[in-house]
Amino acid sequence: MKIFWYFLHNIISKIGNKITSIAILFILISNFSKNSLSISILLFSIDPIINIFFSRLYSKIISRYQKFGILVFLDFISAIFIFLVFLFSKNILLMFIFYILLSIVVNLSSRYSKGLFFNLTKNTIKEEWYYKINSRINTILSIVAPSISSFIITKIGNENAFIFDGVSFMIGGIIYLLILDKLKEITQSKVKESISEKSVNIRSKEEYKFMYMLSKCSNDFKFICTLFIAVSFITNFEEPLIFNYLSLERSFSKELIGISLSIFSVGMFLGSFIYDYIPKNTLGLFACVVLDGFFSFFLSINIYRWLIVFFYMLQGIMATVIMIYFSVSIQKEFETNDFFMQFDNQLNKVLSFFSLASYFCGFLLSNIISDSSIFLKILAILEILTAIFYLYRWKVINK
């Protein structure tokens, strides 16, 4: 029963967070229509910046404050920040500052939820069951949350939508209070021991360099990994770009934008099944990257709206297939769990850095190229050429 409350908290908070992120985007686009692309890029770059610059601080906070009750505190602090976002929604600068502070707190809360709450679940339910249920919930939320968020925003307005998210944080805090007794059943010494082990692992991970670990891997994996990073660098910028493209250049309504985002998630869901029918070799991965580039190109041409949504769904399929292929390749490459975790930690830092670099380059180029459709075409061609280049290099080395 306690795990039910935990899942309910995740559902409510994720829908609330999606409402705020979409409402912020709509407000910024409506106030800065001429620079909407640059503003969208700036908004999407917040999380990578937080991941890069606050990761060490988060680790220190978690090591020092080892009580589950802090989850309640963080939810109520988040509610205060979101209400401040609402109060200053007419002042773009202050609204944006409070939104950044909110994002910092939400990221810390997410780490507590993943790290500390795992101590509650691992001794009471099977780990496989937890991850299956959690994965299904996240998949369903990724499909329905954008549509629900756009519908709520349309009905009550951008600014009033922040109140909805604030209430969701307060409800989340109350839910954590309901399960706090269960959390207290885990002794403080056990929690301290678990977190101390995590801290040691974190310190040991920092002793490893990404390029050194990659140099010890097989040639095939080196190509797969560097291709994945290169494609991520190109495609990360597509998310704010497509939002801007659909909203301004194709005049999608808020409801249709929400549906489009949900359809992309449907594609991701279908991709998890289609992966079983994709050739499990490097050539199959190259083919998926090329197809993803072609689908991105089709998005940018002047075609019927629902065809755009369809090609966006196909992109979701390819995105999931590429992600699963890469994740499976990592698991096959490493023999020990320790080395796998160390590599995964370093990889996340590298991906966050390239994600931020992608947004920064997009921000600079958006001042030169104002047409989002041209931007999409350029990124699509770059993705296709990148895959062809890596395929050529792969064939040369494997002759």
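Structure: see above.
To keep things clear, this report deals only with the structure shown in the data block. (Residues numbered from 1 in each chain as written. Predicted model: local features only at pLDDT ≥ 70, side-chain atom pairs only at ≥ 80, totals over all residues. Heavy atoms only, no water.)

In terms of helices and strands, the protein carries 18 helices and zero strands. In the protein, which comprises 399 residues, the share counted as buried stands at 48%. Here the analysis covers contacts within the protein between residues at least 6 apart in sequence; of these, 87% occur between residues at least 24 apart. Put simply, the protein shows about 19900 Å² of open surface, and 66% of that area lies on carbon and sulfur atoms. (Helix = DSSP H or I, 4+ residues; strand = E, 2+ residues; numbered from the N terminus. Buried < 20%, exposed > 50% of the residue type's maximum accessible area, 1.4 Å probe, protein only. Contact = heavy atoms within 4.5 Å. Areas by Shrake-Rupley, 256 points an atom, 1.4 Å probe, with all protein chains shown as cover.)

What follows deals with the pattern of salt bridges. The final tally for this structure, using the stated rule, is one salt bridge. For Lys90, the salt bridge identified is with Glu159, shortest N-O distance 3.9 Å. Residue Lys90 is located in the loop between helix H5 (70-87) and helix H6 (92-121), and its partner Glu159 is located in helix H8 (residues 158-178); the two are separated by 69 residues in the primary sequence. In this structure Lys90 comes out as exposed when scored by relative accessible area, which is 71%. (Salt bridge = Lys/Arg side-chain N within 4 Å of Asp/Glu carboxyl O.)

Scanning all chains against the criterion turns up zero disulfides. Cys217 carries a free sulfur, and the closest cysteine sulfur to it, the one in Cys225, is 7.4 Å from it. Classification of Cys217 by relative accessible area gives buried; the value is 8%. Judged by its relative accessible area of 0%, Cys225 is buried. (Disulfide = S-S within 2.5 Å.)

So, about a nonpolar patch on the surface. Nonpolar side chains collect at one region of the surface, where Leu87, Phe88, Leu93, Leu94, Ile97 and Leu101 lie side by side and expose about 520 Å² of accessible area between them. The greatest single-element share of the nonpolar patch, amounting to four residues, is contributed by H6. Positionally, Leu94 belongs in helix H6. (Patch = residues over 30% accessible without salt bridge, like charges linked within 9 Å, V, L, I, M, F, W, Y side chains within 5 Å.)

For the rest of this paragraph, the subject is the packing of helix H13 (residues 238-249) against helix H18 (residues 372-397). Taken N-terminus to C-terminus, the directions of H13 and H18 make an angle of 145°; their axes are 9 Å apart at the nearest point. For the pair H13 and H18, the crossing hand works out as left-handed. Every residue of H18 that contacts H13 at Glu238, Leu241, Ile242, Asn244, Tyr245 and Glu249 is listed here: Ser372, Ser373, Phe375, Leu376, Leu379 and Glu383. For the contact of H13 with H18, the residue count by class is six nonpolar, three polar and three charged. (Axes fitted to C-alpha atoms, helices over the stretch in contact; angles between N-to-C directions. Left-handed = near helix turned anticlockwise from the far one by under 90°. Nonpolar A, V, L, I, M, F, W, Y, C, P; charged D, E, K, R; others polar.)

This brings us to the nonpolar core. Note on soluble globular proteins: their nonpolar side chains tend to be buried together. The biggest cluster of nonpolar side chains holds 104 residues, and the ones touching the most others in it are Phe221, Cys225, Phe343 and Leu347. No other element matches the 13 residues that helix H16 (residues 305-333) contributes to this core. Residues within four places of Cys225 in sequence aside, it is in contact with Phe210, Leu214, Phe326, Phe343 and Leu347. (Core = buried A, V, L, I, M, F, W, Y, C linked by side-chain atoms within 4.5 Å.)

What follows concerns H13. Burial within H13 is extensive, with nine of its 12 residues counted as buried. Within the span of H13, buried status applies to Glu238, Pro240, Leu241, Ile242, Phe243, Asn244, Tyr245, Leu246 and Ser247. Just downstream of H13, Ser251 is the residue with a positive phi angle, here 55°.

Our focus in this paragraph is the environment of Ile374. Within the secondary structure, Ile374 sits in helix H18. Residues Ile374 and Ile301 lie 73 residues apart in sequence; the distance between their C-alpha atoms is 9.0 Å.

Of note, Phe54 is situated in the loop between helix H3 (46-53) and helix H4 (55-64). Residues Phe54 and Leu108 lie 54 residues apart in sequence; the distance between their C-alpha atoms is 9.0 Å. For Phe54, the contacting residues outside a window of four places in its chain are Ile49 and Ile104.

The next point concerns the packing of aromatic side chains. According to the stated counting rule, one finds 12 aromatic pairs in the structure shown. Here the aromatic rings of Phe233 and Phe354 are separated by 6.1 Å at their centres, their planes lie at 85°, and the arrangement is edge-to-face. Of this pair, Phe233 sits in helix H12 (residues 219-235) while Phe354 sits in helix H17 (residues 337-366); the two residues are 121 residues apart in sequence, bridging distant segments of the chain. On the basis of relative accessibility, which here comes to 29%, the residue Phe354 falls in the partly exposed class. A ring pair is formed by Phe389 and Tyr390, whose centres lie 5.8 Å apart and whose planes are at 85°; its orientation type is edge-to-face. Residue Tyr390 is classed as buried on the basis of its relative accessible area, which comes to 16%. Members of the aromatic cluster, joined through ring pairs, are Phe295, Phe298, Phe310 and Phe311. (Phe/Tyr/Trp six-rings, centres within 6.5 Å; stacked < 30°, edge-to-face > 60°.)

As a further point, take unusual backbone geometry. The phi torsion at Ser251 lies on the positive side, around 55°, for a residue other than glycine. By the element assignment, Ser251 lies in the loop between H13 and helix H14 (254-274). Ser251 sits in the partly exposed class, given a relative accessible area of 45%.

So, on to the side chain of Ser355. Within the element layout of this structure, Ser355 appears in helix H17. A relative accessible area of 8% means that Ser355 is categorised as buried. Those residues in contact with Ser355 that lie beyond four places of it in its chain are Pro48 and Asn236.

To continue, consider the side chain of Ser262. The residue Ser262 is located in helix H14 in this model. By relative accessible area, which is 6% here, Ser262 ends up buried. The contact partners of Ser262, leaving out residues within four places of it in the chain, are Ser142, Ile143, Val144, Pro146 and Ser147.

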